[in-house]
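So the chains spell out like this:
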Amino acid sequence: MISSPTHVYPVIWYEGSVLLIDQTHLPAEYAFVEIHRCEDMAQAIKTMIVRGAPAIGIAAAYGMYLGAREIETQDREQFLSQLEQVAQMLRTTRPTAVNLFWAIARMLKTAYETIGTVEEIRQVLLTTAQTIQAEDLQTCQAIGDRGLELLPKTPAQLNLLTHCNAGALATAGYGTALGVVRSAWSCGRLSRLYADETRPRLQGAKLTAWECVQEGIPVTVITDSMAAHCMQQGMIHAVVVGADRIAANGDTANKIGTYSLALVAKAHDVPFYVAAPVATIDFAIATGREIPIEERDPVEVYQIDNTILTPAGVEFYNPAFDVTPAHLITAIITEHGAFSPSQLQQELQHKYVA
Ligand code: MRU
């Protein structure tokens, strides 16, 4: 089955600069931010103008090119050493999504392996960033199609539940978890998507819902605490979520709240799928205990838009991600097929990871 991309592209290379959809303003406003400098790209990643693991990787790849463009020397060794500094600045933006580190490493490797002048290395870096972006689009379409093959065969039309936003906005333009939803919708297998609102930043209510509305995919937003009730009522046939980093044993870091969703799915015998590209699997990490979990500003917990929710004198805790243990995951859907967590190393590491 051939599925097509959406018209939502969160990162666009246009006439010498990068346009980012400002995801902090959706759904109220669909606007772009123009990025010319590497430092501004780092800031855009930190402040979540661009977010979602693969999209962060793509943005960082362009950030590497923008940084390379700002380096003034024509000396290859000096250029490479300053490029390392650019890489280091981009690495400090967000710690959990491994796609960021993967894309930066790929860009650096390309720079070192390119024989030629500094200007030639710069050109190859731009092409590589564009290739990373184009590959992600194809990868997500493949994930969507592999996921479709795996979904429960009955009923004919399914209700799926997702968490956060693992859609076009979080990737080059198709989505991982939402890629599976898109594929299911385009061949008549989807009845409705339930989208957790995803506190504290509300990526489900704001971004996933917006994407679905753009394409006419039926979507019902629920608060995170309603998922158990919906499953108990038999309203959900499968859960599909994305991932920020998957350890070699299949433990999966994704948006905070994913772990509790997986526990609830297990309790109700609802299949729980993680959809992610192989680039999201960190084979250097044996288990989820080694995954760094980003902690963000407490303001995300105590304030929504301009409204402060809590009384003065309260403390806050704001981990942005949690780790779902592998035993709660039915299958991990990648561009190369779906695997149980225990199959990852054997089926993917040796065949597809350099
Ligand atoms: O903090 P965010 O919005 O970057 O978190 C995004 C998620 O947790 C997504 O589910 C994940 O990155 C997968 S995106 C295809």
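Residues numbered from 1 in each chain as written. Predicted model: local features only at pLDDT ≥ 70, side-chain atom pairs only at ≥ 80, totals over all residues. Heavy atoms only, no water.

Student: Describe the UniProt feature "active site" (unreviewed entry) in the protein, and please don't skip the residues or the numbers.
Tutor: Here, the residues flagged by UniProt with the feature "active site" (unreviewed entry) are Asp244. Looking at where Asp244 falls in the secondary structure, it is placed in the loop between strand S7 (238-241) and strand S8 (245-247). Judged by its relative accessible area of 8%, Asp244 falls in the buried class. Apart from the residues within four sequence positions on either side, Asp244 is in contact with Ala53, Thr96, Ala97, Val98, Asn99, Ala253, Asn254, Lys255, Thr280 and Phe321. (UniProt positions renumbered as here; feature names shortened; annotations may be inferred. Helix = DSSP H or I, 4+ residues; strand = E, 2+ residues; numbered from the N terminus. Buried < 20%, exposed > 50% of the residue type's maximum accessible area, 1.4 Å probe, protein only. Contact = heavy atoms within 4.5 Å.)

Student: Lay out the pattern of salt bridges in plain terms, naming residues and giving numbers.
Tutor: Counted under the stated rule, the structure contains 15 salt bridges. The partner of Glu294 in a salt bridge is Arg296, and the shortest N-O contact between them spans 2.7 Å. Of the two residues, Glu294 and Arg296, both sit in the buried class. If you follow the salt bridges from partner to partner, you end up with Arg94, Arg201, Glu294, Arg296 and Glu300 in one network. (Salt bridge = Lys/Arg side-chain N within 4 Å of Asp/Glu carboxyl O.)

Student: Explain the nonpolar core to me, and be specific about the residues and the numbers.
Tutor: The biggest cluster of nonpolar side chains holds 47 residues, and the ones touching the most others in it are Leu20, Met64 and Leu83. Where this core is concerned, the elements lending two or more residues are strand S2 (17-21), helix H1 (38-46), helix H2 (53-70), helix H3 (76-91), helix H4 (98-113) and helix H5 (118-150). Sort the elements by how many residues they give to this core and H2 lands first, with 12 residues. Not counting residues within four places of it along the chain, the set of residues in contact with Leu20 comprises Pro10, Val11, Ala31, Phe32, Val33, Ile35, Met41, Ala44, Ile49 and Val50. (Core = buried A, V, L, I, M, F, W, Y, C linked by side-chain atoms within 4.5 Å.)

Student: Let's hear about the sheet that holds strand S16 (residues 337-339): which residues, and what values?
Tutor: Taken in spatial order, the seven strands of this open sheet run S6-S5-S4-S7-S10-S15-S16, and their pairing is mixed. With one partner strand each, in any of the chains shown, strand S6 (219-222) and S16 form the two edges of the open sheet. Neighbour-to-neighbour, the strand axes of the sheet open up by a mean angle of 25 degrees, direction not taken into account. Contacts from H5 reach strand S10 (272-275), strand S15 (331-334) and S16, with the element oriented near 145 degrees to S15. (Pairing = 2+ DSSP bridges. Axes fitted to C-alpha atoms, helices over the stretch in contact; angles between N-to-C directions.)

Student: Give a description of the sheet that holds strand S14 (residues 321-324) that names residues and reports values.
Tutor: The strand order across the open sheet formed by four strands is S11-S8-S9-S14, and the pairing between neighbours is mixed. For this open sheet the edge positions go to strand S11 (281-282) and S14, each flanked by a neighbour on one side alone. As judged from the two bridges shared by S8 and strand S9 (residues 252-255), these two strands associate in the antiparallel manner. Counterpart to Arg245 in the pairing with S9 is Ala253.

Student: Give a detailed account of the UniProt feature "binding site: substrate" (unreviewed entry) in the protein, specifying residues and quantitative values.
Tutor: UniProt tags Arg51, Gly52, Ala53, Arg94, Gln203, Asn254 and Lys255 as "binding site: substrate" (unreviewed entry). Looking at where Arg51 falls in the secondary structure, it is placed in the loop between H1 and H2. The class of Arg51 is buried, set by a relative accessible area of 3%. When neighbours within four sequence positions are excluded, Arg51 is seen to be in contact with Gln23, Ile56, Arg94, Cys164, Asn165, Leu169, Ala170, Gln203 and Leu207. Within polar-contact distance, the side chain of Arg51 engages the side chain of Gln23 at 3.1 Å. When its relative accessible area of 5% is taken as the criterion, Lys255 is described as buried. (Polar contact = N/O pair within 3.5 Å; in protein donor to acceptor, adjacent residues only side chain to side chain.)

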